[in-house]
Amino acid sequence: MDIFCLKAVSLGDLEKVLISHDGAGPGSGWFLDKIVIKHKEGEDAQEVVFPCNRWLDEYQDDGKTERELTANKDGSSMKAFLKGKSCFPTIVFYTRVFAV
């Protein structure tokens, strides 16, 4: 599993995210497990999980390279894993690389 952490500006409460890629180049598709967004304002911290569990690949799954993901505000399964990370707000992409 590859994990990518990006620092970003606050966008407030998010309910949906749109993620895509242009499909350029051979082997450009990838599998997205989930996106986790952590945000801290003052002493209050929030974590929102956007589950996907789908391919973004024109040759896999349904052939789409764009996904609109809806928030699962529970996110409790990721809290222990991300505990202690201090970069807020943070966008975390969880991907799995498969040989095709």
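Under an unreviewed UniProt entry, the protein chain has the name LOXH1 protein and belongs to Edolisoma coerulescens.

What follows covers a negative patch on the surface. A surface patch of like charges, here negative, comprises Asp13, Glu15, Glu41, Glu43 and Asp44. Note on placement: glutamate 15 falls in the loop between strand S1 (2-7) and strand S2 (16-20). For glutamate 15, a relative accessible area of 58% puts it in the exposed group.

This paragraph deals with the pairing of strand S4 (residues 44-56). Sheet topology places strand S3 (residues 30-41) next to S4; 11 bridges connect them, and they run antiparallel. By the bridge assignment for S4, histidine 39 is matched with glutamine 46. What sits between S3 and S4 in their antiparallel hairpin is a turn of two residues, with glycine 42 showing a positive phi close to 60°.

Within the largest apolar cluster, 10 residues are counted, these being Val17, Ile19, Leu32, Ile35, Ile37, Val48, Phe50, Cys52, Leu56 and Leu69. Counting only elements with at least two residues in this core, the list comes to S2, S3 and S4. Residue contributions to this core peak at four residues, all from S4.

Turning to the side chain of arginine 67, a few remarks are in order. Tracing the backbone through its elements, the reader meets arginine 67 in strand S5 (residues 66-70). Looking at arginine 67, its side chain comes within polar contact range of the side chain of aspartate 61, at 3.5 Å. Within the local environment of arginine 67, its side chain forms a polar contact with the side chain of aspartate 62, the two groups lying 2.8 Å apart. Apart from the residues lying within four places of it in its own chain, the contact partners of arginine 67 are Val17, Leu18, Ile19, Cys52, Arg54, Trp55, Leu56, Asp61 and Asp62.

About the thresholds
- Residues numbered from 1 in each chain as written.
- Predicted model: local features only at pLDDT ≥ 70, side-chain atom pairs only at ≥ 80, totals over all residues.
- Heavy atoms only, no water.
- Patch = residues over 30% accessible without salt bridge, like charges linked within 9 Å, V, L, I, M, F, W, Y side chains within 5 Å.
- Areas by Shrake-Rupley, 256 points an atom, 1.4 Å probe, with all protein chains shown as cover.
- Salt bridge = Lys/Arg side-chain N within 4 Å of Asp/Glu carboxyl O.
- Lys, Arg positive; Asp, Glu negative; His and termini not counted.
- Charge placed at Lys NZ, Arg CZ, Asp CG, Glu CD.
- Helix = DSSP H or I, 4+ residues; strand = E, 2+ residues; numbered from the N terminus.
- Buried < 20%, exposed > 50% of the residue type's maximum accessible area, 1.4 Å probe, protein only.
- Pairing = 2+ DSSP bridges.
- Core = buried A, V, L, I, M, F, W, Y, C linked by side-chain atoms within 4.5 Å.
- Polar contact = N/O pair within 3.5 Å; in protein donor to acceptor, adjacent residues only side chain to side chain.
- Contact = heavy atoms within 4.5 Å.

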